[in-house]
Every structure is written in structure tokens, then in C-alpha cells.
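# Understanding the architecture of this molecule
Chain by chain, the residues:
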Amino acid sequence: MQYTKLNNLLGWLCFLIATTTFILTLEPSVSFWDCGEFISCAYRLQVSHQPGYPLFAMLGKVFSLLSMGDNTKVPFYTNSMAAIASGATVMFLFWTITALAKKLLVGREKDFGNAQTTVIMGAGLVGALAFTFTDTFWFSAVETIVFALSILCIAVVFWAILKWDAHADEPGADKWLVFIAYVMGLSIGIHLLNLLTIPAIALVYYFRRYKNATAWSAFLAFLTGIVILGFVQYGIRGYTIKFAAFFDLYFVNSLGMGFGSGAIVFFLLLIGVIVFGIVYSIRKNKPVLNLAFLCIAFIYLGYGSFAYIPIRATANTNLNNSHPDNAFTLYGYLNRIQYGENPLLYGQYFDAQVTDQVEGSTIYQKGEKKYEVAGKTLSYKYDHNTILPRMYSTDPGDQGFYRGWGQIPEGQAPTFADNMKWMFSWQIYQMYFRYFLWNYAGRYSDVDGQQSTESIDGNWTTGIFDSGKHLPQNVTSNPSYTPLYGIPLILGLIGLVYHVERRKRDALVVVLLWFFTGLAVVFYVNQPSVQPRERDYSYVGSFYAFAIWIGLSVIALTDGIRKKVDVKKAAYIATAVCLLIAPVLMAKQEWRGHDRSTKMTAHDMAYNYLISCPPNAILFTYGDNDTYSLWYDQEVEGIRPDVRIVNLSLFSGAWYIRQMQRPMNASAPLPITMPYNKYKDGVRDVIYYSDGGIKGAVELKEIFDFITSDDKSMQGQSQGGEYVNYLPTKDFKLTINADDVIKNKVISPAQKAQLADTLEWKYTSNYITKDDLAVIDILAHNNWKRPICFATTVGTNNLMGLQQYLYKEGFTYRLLPLKADTANHDQLSKVNADVMYDNVMNKFKFGKFKTARYLDPESTGMFYPVLTTTFLDLATTLYNNGQNDKALKVLHKFDNELPDDLYPFIDLAGRKMYLAQMAYNLGDNKLGNKMAVNIDKYLMDQFGYFYHLLQSDAQRVPLRDVQIGMQVLNHLVENTEKAHQIDLHNKLNAQLQDYSKKFAPLMGAGQ
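Computed from a prediction, not measured in an experiment: that's the story for all the values here.

Each value, and the rule that gives it
Residues numbered from 1 in each chain as written. Predicted model: local features only at pLDDT ≥ 70, side-chain atom pairs only at ≥ 80, totals over all residues. Heavy atoms only, no water. Helix = DSSP H or I, 4+ residues; strand = E, 2+ residues; numbered from the N terminus. Rg over C-alpha atoms; globule rule 2.2 N^0.38 Å. Buried < 20%, exposed > 50% of the residue type's maximum accessible area, 1.4 Å probe, protein only. Contact = heavy atoms within 4.5 Å. Areas by Shrake-Rupley, 256 points an atom, 1.4 Å probe, with all protein chains shown as cover. Lys, Arg positive; Asp, Glu negative; His and termini not counted. Charge placed at Lys NZ, Arg CZ, Asp CG, Glu CD. 1 Å grid on protein atoms, 1.4 Å probe; cavity = no way out; pocket = protein on both sides within 12 Å on 5 of 7 lines; lining within 4 Å. Points joined across faces, edges and corners; volume = space filled by probe spheres on them. Pairing = 2+ DSSP bridges. Expected span 1.5 Å × (residues − 1). Patch = residues over 30% accessible without salt bridge, like charges linked within 9 Å, V, L, I, M, F, W, Y side chains within 5 Å. Salt bridge = Lys/Arg side-chain N within 4 Å of Asp/Glu carboxyl O. Axes fitted to C-alpha atoms, helices over the stretch in contact; angles between N-to-C directions. Parallel < 35°, antiparallel > 145°, perpendicular 65-115°, else oblique. Left-handed = near helix turned anticlockwise from the far one by under 90°. Nonpolar A, V, L, I, M, F, W, Y, C, P; charged D, E, K, R; others polar. Core = buried A, V, L, I, M, F, W, Y, C linked by side-chain atoms within 4.5 Å. Phe/Tyr/Trp six-rings, centres within 6.5 Å; stacked < 30°, edge-to-face > 60°. Polar contact = N/O pair within 3.5 Å; in protein donor to acceptor, adjacent residues only side chain to side chain. Right-handed = clockwise from strand over helix to strand, strands pointing away.

Turning next to the overall build of the protein. Scanning the protein from N- to C-terminus turns up 37 helices and 19 strands. The globule rule puts the C-alpha radius of gyration for 1007 residues at 30 Å, and the 31 Å found for the protein is close to it. Along the longest, intermediate and shortest principal axes, the C-alpha atoms of the protein span 95 × 85 × 65 Å. Split into buried and exposed, the 1007 residues of the protein put 57% on the buried side. A fraction of 74% describes how many contacts in the protein between residues 6 or more apart in sequence connect residues 24 or more apart. In the structure as shown, the protein presents an accessible area of about 41900 Å², 57% of it carried by carbon and sulfur atoms. Across the protein, the mean location of the 88 positive side-chain charges is 8 Å away from that of the 85 negative side-chain charges.

Okay, structure coming up:
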């Protein structure tokens, strides 16, 4: 068969295999993290979080239409977009590998003869299919996330530069460069990772155009690539909008024209300059200049997708992050200004003290008719600085982690050596190479493992020596345990060495691609400390580059084998063996840990939050996973549109408070009384506490009026002489109008005797931020008209000290005007029993927890414990209230709906132990024994591993886990004895005595 035809057919075969794999393992509904927001924004063409993903949203909208009106199918089709894009990535990787393989064999036709095509195609198949089944790439391929399309853009532009390289001497070949520029522009509307291919592309161009390359000139070409990258990233992407903003400022504030007029004039001038440059270069016969202007034009053409952002922001969509409807806000939105900047080349150590602050540029915001000054940017000077600051965060939590990781004693200043140790051991090894090895060596588990290089949690493993480590079964039997025996890694290293030896220039280009999409990202992002989640998806481009060398290893092995057999047989043997030990092995090992086809947890957990709320409730959430999937349930499926979801981490933005003052879906505006000019940016960003000597609690409305007053007599003076609001007391109270409470059916008739006259509490912070101010406004003026709920996953810092008046009704705490229950030692375990019983028993959904073939870390580590605690608190309250029948039904519901053998951490064994104890107390010994046996099985599995560690490496024994486990086992012994379960009691007691002796050195050390 003709080479080109075979190459095309096998490329499409790779696409078919990869896409089929991803469709079969696709998550059928919304996933955790950003996916809920992305699907919602795609479906209703809304504005997602910074820096915006407009092209991704528009493509997602197209795929969502395939649902044909069945909104529950929308996520399946948007997830399919990621699957198809990922399949296309594999296809382009195949063609990239065959192009590089073909160049490797140039001039060696006699060595390989007729087998040359076989070995090239074999290389393409092995490398492309190996990448198909890598952990990180597969994870993003089955959910609605930007990284699937982002890596496709990388694959397309790298394949395109090789196409240009193959045809560079032909007329019109530079069309490939213009095509690359257009894809670059488009990719900005998906994710910025694609721009990191520019240095590698520049080197390909240099090596092809300049025959007499030297090391120095190649280095200059590399630097040119860096300059082009900076020009596109900062010049085209960033400063274009900044210049447009200042044009708009002049036209609006100086010329009195409407918002956007100056930006339109600027863009018309920009288009005119580009058109003039193209025409000039044609007339003056300047091909290089012409190519440069054409590339700039097509980058801007692709980048034009960002017009979507201000257009949709102006439409006031429900989800409208930052409300970027003008050039200044859009500039801040694109550059993620609200997240701050991490120092790169010079900056402070984490223990540095601020010595001075310097005002920078003016911050403008859109007013009623003109742009207004919202303040100045501030930069700080510190007393302890360094070049390449890596340990720089002054956050107390980060400081503690730095000291713990680097073993820096409290009070001792970090040194440059500590700084470099942190960079290499945590940022580079723990947060890059650990991820890299997940994909090509193997992985213990998908538990978050950022905080330890020694723990098996989230660590890499080849699996070769695991049989001697006495690993617990909850690791080895888990779908995320995926030992690859290091084989893909070895193949890639063989391919790398072979590539360097045979084609140094091509190998250098791939090395640059690997470096800039991997370690360069590590250096640029400069992560301060532990992240909210594992960040392996950020480096998928470098894993893609390494897969090229896995493919090229087929040629290296063929070269070696042909010394023993003829080259044709060698090609077939090398291809077959590499297919078996790389893609086939990886597919077999990774499939279970990526098959999300039976999982519904994100959708159903979001449903449970919403269904826990009374009608017209205000629901305060905080994190991504208790917000984004709720947005999806509301915005796409229309579940509980009456509930107003308020994300407290966004509530500090004036734009978000303003949005909450408008209707949304079936929800009325929030009872926020402040006019915009009282909370806009630069106004009341923070209000500090200053003891006013006030005795007793003060009415919340009075406090609110005081801290929002513009009357200087009710303000204090700052050190700079400015009049500012301050908080004079932390003792708050809310007087209860019983008529309002009864009329709005806040409590049941049975609870009337518990109705309080006032709610009194102590505010728990030394300052009020804008989100706190808005919540105080709501509390002061709601008058019990709308139920106020907090997600149970909201941190106690965000509850403002209201814990004694918060009652669980499912996945939410509801604020109820009941007398404080001071006898309850755990205020957050209080339950509004009747309401919660109905929610949990009759309304909740359980995400196929019991039957799903795979559950991700958020399902197991976050929501399974939340569900367990929900059942435990409900059953305990019912039992204490004498409602034994209901309590037992709750226990059986837990047993029927949730898996027995799921223990993401040992603390959960304690919660389940209390469930077993309650079963015994309620007389259901069968259920109690079932739970006890299950807990014991888990404990014995863990204890066996802990005892092995104690004998081999005592420093690695998790002392806290041993102590908790022994306490749980001791309670099980006591509970089974009280329940007269003699056989089980004797078995558990024998185990307790055995491990009490084995762990005696540890237990003594822990006392």
C-alpha cells in the first residue's frame, strides 16, 4: 500500500481506538471541579472564571445541542467533545511520530529496505496508543474540561510545523506557518498552554531555513522564539486590551462619548495598521515582513473569539464572573489580576516583613457615565529577599509547610539553600516528576499525595518491588493502583537516547517541547505550597512530548534486533513487543481507574445540596465542588431554580454582590440593601475591629448601619488621616419577631416552645471583608422571609460564629431562631430531625456509590465521609429523641445505599464504628456484626501494613492512624461484649491484645 495512504489510514485507526476508549469510559453526567461551571457556561453561553475560555464555551454549546432538548444528556455530549478532541490528539501524535521517524531513517534505506514503512508505522502506533492510555491524558478526555482541547491545539501546531518542514522548499509552504498562527490565536480562547510550543517551532524554522547552523546561532534562534512567545502572550493577548482600555478612557472621560467607543476606534486603527503592513510588504516584495504581518493578522483573527466575553457579560448572564463588560475589567479578567502575582526572578522569603508599600498604576472601574478611580495598585518592599524566590508565601499555613518540608526550625530564617531545596524537592520533583512517573512508571493511588515523598498516598511506583512491602488491600485492590513496571518509561528513554544519537536537531526540538510544557510551567507558575488538588493536568503537553520517544523506541529496538534476524522480522517483532508492553499493558492497568461510565456522584451530591434547602432558600457555599456542580444542576437541568446559590469565595467581589441584587432563574433578588456605591471596588474592602467599649450585644441592624455609614462622626481615622468605618463590637444580636417566624413557617408547630427571643453570638474575626458585610446585610434585613442555609462543607471561619443556631437538614445547615443548645458539645452535629429524615430517606440520591466501577478522590475522600457523617448525625439525634424505629431505618438506608469497603482515611472507621454501636443499641445485632466485621477487616489490613513499616522503617509509621485504629478496635471489643456477640467479641479482643503488644513501642511514644 502507498506510504501516504497507509499513514493516513493508521492515523485514523488511532483516532477510532482512542475515541472509542474515551466514549466507553465517559462520565455520563457532570464531573467535579470546573466541569460544572464549564458545562453551564457552554449551555447558556455564560462567562466562566478568569482568564475566560470563549472558544471552548462556543464549541461546548454546539455539542450541547446534540442532546435534542434532553438537558440531562447535555453533559454526555459536552464530555464527548473532550473525548473526540482527545482522539484527534492521538491521531495527530501518530502523524507527528511517523514524520519524525521518517526523518530518522533518511539515508538508511539500505539498512531497512522494504521494512522501513513497517517500522515507521509501528513507531507511530506504539507512541500514539501509549499516550492514549496515560493517566493524566485519559482523565481529561472523559469530562468537560479545557485541557482536552488544549492538548489538541498543541498536537495540531506541532504536526503542522513538521508538515511545513517537509514541504518548506515548495511554493506556498508558508501557508502552514499562517495556519499555525491561526490555531495559536484560537487556542488562546481555550487555554494558554499552546503558546509554549513557540520556542520549539522557532527552532524547527531555524534549522530548516539556515543550513549552516551553529550552536550560537541556534541559541539566538531559541531566544527569538522566547521573544515571540512573550510578544504573543503579553503584547497581543495582554497589551492589546490594555491599550484599548486607555483609548476608551480618553474617549469616555475626555470626549464624553459612550463606553466602548474608544476601544472600537483602537481596534479599527489596529486593523488598519495590519492591513497597511500586509499591503506594504506585498508592494515592496518583502516576503518575511509579509509572513510576519499575516501571522499577526491570523493570531488576532483567532483571538477574536474573546469578543464573546464582553458581549455576553453585557447580556447579564446568570454566571458572569467579574462582569467584564468594559476594556478595563476585561484586561484584569484576562490577566487574572484578582489572583495576584507570584514573584519569579526576585522577591521575598516567607519570613520577610513588609518595610514599605509603593503605589503603582491607577485602577479604573466603570461608573454610571465615566470611568472612576477605584484606587492604586500596591506593591510591597520586604526586608528578606532573594533571587529565584520559591519559598515566598507569607500565609501562615504555607509558612508552616515550608518549615516542615525543609526541616527549618521555628525562628530560623530560610537560606538560599533552603529555597533551592524546596524548588527541586517539592516544586520540581513532587509537583512535576511525581506526575510524570504516574504516567510512565505507575501509581499507588489517586489519593492526594502532595505533602509527602515517603507516603504511598498519591505516590508513583513501578510495582516491581511492591510484593515485599505488604501493601494493604485497600491499595492493591483499588482501581487507581496502576503499576506499569516502568516499561513505558524505559521505552521512552531508549527512544530519547536513540533520537539524540541519530538526529540531534530533531531531538532538541522535542526536548524543548517537553521542557516548555513541563518544567517551564513549574518555574513560571511558582506554586506557593499545597494546592487544592493535584495539578498533573497542567503538564500534559510534556507527557505528550515524551510519548514521541516511546514511539521512536520501536526503531531503536528494530535496529538492535535486526542484527539477529532479517530487518522485516525485526520490525514486526519490535512493533508487536512494544505494542504489548506499552499500550496494551497501559490499557489493561489503567482502564479500571478511568472508567467513569457508571458514576453519578457529582450530579447527585449537587442535587442533595439543593434538595436539602427549603423553598426560596439562600444557600451559602464556598469551594469549587460544593458550587460548580450545583450551578450545573440549576442552570442546565433546572433543578431547584428557586434556591439562590451564593459562593462566599466570590462574594468579596463587588460585581458578584451586585449580581446577587438581581433576580436569577426563579429566585428573587437577595435582601441586600446597600447601594452599589457603598461596596464598589475600593470602598469598604475591609473594615477592622476596634473595641468601642460597648457593653452587651448590639442589634445587628445597628451594627450594619454603623459600619456602612458615610457620616464622619460614626467613622474613625486611619494612620494616613482618612476617615474609615470600623467595627466597634463583636457581640452581635438579632431580635426575633415571633410573628415573622410563624408567618414564614420557619419552624414547625412542635418547635414553638424552643423559639428564642433573640439570637446572640460573638463575631469570630478581627475584620469584616466585603463578603462578610454582604452576609451581615442579608441577616439584618431578611426578617426570616427566606431560609438561610450554609453548605455543610463550608469552613467554620465562614459561619461568623453562628454555629449554635445552625441545624443540619441534610447537606446544609439552616439558620433557625431556636434557643441555643448549650449542652451539645458539637454544635455542628445538631439536627432538625423531621426535615432531615424526610430529605435523607425520601429525597436524596446517592450517585451510584454502591455500584459504580470507579469513584474519584472527590467522591471517596470528600462526599463519602460527608454522607457517612450525615447518616450518623441523623441516626444519633433520632435515637436520642427516642425515635428508635426511624433511627434503625436510617442505618439500613446507609447500609443499602453506600459501599461497605470504602475507607479513604482511618477516621472514617471511627464514624462507622459509631454506626455499628447504634445498630447494637437498637437491637439489630446482624447489622451491627456486619458493620463491625467490615471495620475489623479494614483495620487488620491497615495494621498488617503498619506493623511491617514498624519493623522495616519505623519513621514512616503513621502514629496518629495507629492510635485511632486501636481506639476503634477497642470500642468494637466493648460494643460486641455489651451486645453479647461472644464469638465476634473474642476474635476482636484477641486481635486487640495482639496488636497492643506489637504497637506497644509506638503507643508508649505517643503518650
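Alright, that's what it looks like, and here's the rest.
A few words now on empty space enclosed by the protein. In this structure the tally under the stated criterion is seven cavities of 30 Å³ or more. Estimated volume of the largest cavity: approximately 150 Å³. For the largest cavity, the lining is made up of 21 residues, of which Asn318, Leu319, Trp631, Tyr656 and Met664 are closest to its centre. Within the residue set of the lining of the largest cavity, elements represented by two or more residues are helix H25 (628-635), strand S8 (644-647) and helix H26 (654-660). Looking at which element gives the most residues to the lining of the largest cavity, the answer is H26, with four residues. Here the second largest cavity is characterised by a volume of approximately 100 Å³. Lining the second largest cavity are Phe894, Asp895, Leu898, Asp900, Tyr903, Lys912, Lys930, Met931, Asn934 and Ile935. Of all elements in the fold, only helix H32 (884-897) and helix H34 (925-952) reach the threshold of two or more residues within the lining of the second largest cavity. Among the elements that take part in the lining of the second largest cavity, H34 stands out by supplying four residues, more than any other.

The next subject is H25. The buried count for H25 comes to eight of eight residues, which makes it a mostly enclosed element. Taken together, the buried positions of H25 are occupied by Tyr628, Ser629, Leu630, Trp631, Tyr632, Asp633, Gln634 and Glu635. Next to the buried residues of H25 lie helix H2 (35-43), helix H4 (74-104), helix H24 (601-611), strand S7 (618-621) and S8.

A few words now on the sheet that holds strand S9 (residues 686-689). The strand order across the open sheet formed by three strands is S13-S9-S16, and the pairing between neighbours is mixed. Each of the sheet's edge strands pairs with one partner strand only, and the pair in question is strand S13 (726-727) and strand S16 (767-769). The pairing of S9 with S16 spans three bridges and is antiparallel. Directly across from Val686, in S16, lies its bridge partner Thr769.

So, on to helix H35 (residues 959-978). Its 20 residues place the ends of H35 29 Å apart at the C-alpha level, agreeing with the 28 Å of an ideal helix rising 1.5 Å per residue. Phi turns positive, to about 60°, at His980, one or two residues after H35.

All right, on to a nonpolar patch on the surface then. The grouping of Trp216, Phe219, Leu220, Leu223 and Ile226 at the surface amounts to a nonpolar patch, some 460 Å² of accessible area in total. Secondary-structure assignment places Leu220 in helix H11 (residues 215-254). On the basis of relative accessibility, which here comes to 38%, the residue Leu220 falls in the partly exposed class.

One way to put it is that helix H10 (residues 198-209) packs onto helix H20 (residues 504-516) with a least axis distance of 8 Å and a crossing angle of 165°. Between H10 and H20, the angle falls in the class roughly antiparallel. Between H10 and H20 lies a crossing of right-handed hand. Each of Pro199, Ala200, Leu203, Val204 and Phe207 in H10 lies in contact with H20, whose residues at this interface are Arg505, Leu508, Val509, Leu512, Leu513 and Phe516. Split by residue class, the contact of H10 with H20 holds ten nonpolar, no polar and one charged.

Right, let's get into unusual backbone geometry. Cis peptide bonds are those with omega within 30 degrees of zero, and the linkage from Gln50 to Pro51 qualifies with 0°. Tracing the backbone through its elements, the reader meets Pro51 in the loop between H2 and helix H3 (54-64). Phi angles above zero are rare outside glycine, and Asn316 is one such case at about 55°. Examined against the element boundaries, Asn316 turns out to sit in the loop between helix H14 (308-314) and helix H15 (327-334).

Attention now goes to the nonpolar core. Looking at soluble globular proteins, one finds that nonpolar side chains tend to be buried together. Judged by nonpolar contacts, the single largest core of 166 residues is most densely connected at Phe131, Phe158, Ile161, Phe436, Tyr440 and Ile555. Looking at this core, the element that brings in the most residues is helix H8 (residues 146-167), giving 16 residues. Apart from the residues within four sequence positions on either side, Tyr440 is in contact with Phe131, Thr134, Leu484, Gly486, Ile487, Pro488, Leu489, Phe543, Phe546, Ala547, Ile550 and Met586. One finds Met664, Val698, Leu727 and Phe871 within the second-largest nonpolar core, a separate group that totals 120 residues.

With that settled, the discussion passes to the packing of aromatic side chains. Tallied over the full model, the rule gives 83 aromatic pairs. An angle of 85° between the planes, with centres 6.4 Å apart, marks the rings of Trp405 and Trp422 as edge-to-face. Taken as a pair, Trp405 in helix H16 (residues 396-406) and Trp422 in helix H17 (residues 416-440) lie far apart in primary sequence, 17 residues in all. For the pair Trp405 and Trp422, a shared accessibility class is recorded, and that class is buried. Their ring planes at 10° and their centres at 4.2 Å tell us that Tyr903 and Tyr938 sit as a pair that is stacked. Of this pair, Tyr903 sits in the loop between H32 and helix H33 (907-921) while Tyr938 sits in helix H34, and the two are 35 residues apart along the sequence. Tyr903 gets classed as buried once you look at its relative accessible area, which sits at 6%.

In space, the five strands of this open sheet follow the order S8-S7-S17-S19-S18, with mixed pairing throughout. In this open sheet, the two strands that pair with only one neighbour each are S8 and strand S18 (806-808). Going from strand to strand, the sheet's axes swing by 30° on average, the running direction of each strand aside.

Take the side chain of Thr517 next. Within the fold, Thr517 resides in the loop between H20 and helix H21 (519-525). At 3.5 Å, the side chain of Thr517 and the backbone oxygen of Gly541 are in polar contact. Not counting the four nearest positions on each side in its chain, Thr517 is found in contact with Ile154, Leu196, Ser538, Tyr539, Gly541 and Ser542.

In this section: the pattern of salt bridges. This model, assessed by the stated rule, comprises 39 salt bridges. Between Asp710 and Arg684 there is a salt bridge, and its shortest N-O distance comes to 2.8 Å. On the criterion of sequence distance, the pair formed by Asp710 in the loop between helix H27 (700-707) and strand S11 (716-717) and Arg684 in the loop between H26 and S9 is long-range, its members being 26 residues apart. Asp710 gets classed as exposed once you look at its relative accessible area, which sits at 55%. One salt bridge in this structure joins Glu809 and Arg814, with 3.8 Å as the shortest N-O distance. Across this residue pair, the class does not change: Glu809 and Arg814 are buried. Shared partners join several salt bridges into a network, and the residues in it are Lys103, Asp165, Asp169, Arg208, Arg503 and Asp506.

Further remarks concern the pairing of strand S14 (residues 731-735). The side-chain alternation of S14 yields one buried face, formed by Phe732 and Leu734, and one unburied face, formed by Asp731, Lys733 and Thr735. Sheet topology note: the S14/strand S15 (residues 758-762) ladder contains five bridges and is antiparallel. The residue bridging Lys733 from the neighbouring strand is Glu760, located in S15.

Right, let's talk about the pairing of S8 for a bit. Neither face of S8 is exposed, since Arg644 and Val646 on one face and Ile645 and Asn647 on the opposite face are all buried. As for the winding sense of the linkage, the β-α-β connection from S7 through H25 to S8 is right-handed.

Inspection of the secondary structure assignment puts Tyr945 in helix H34. Exposure remark for Tyr945: the relative accessible area of 7% places this residue in the buried category. When the C-alpha positions of Tyr945 and Leu471 are compared, they lie 5.9 Å apart, and in sequence the two are 474 residues distant. Setting aside anything within four residues of it in sequence, one finds Tyr945 in contact with Ile456, Lys469, His470, Leu471, Pro472 and Arg956.

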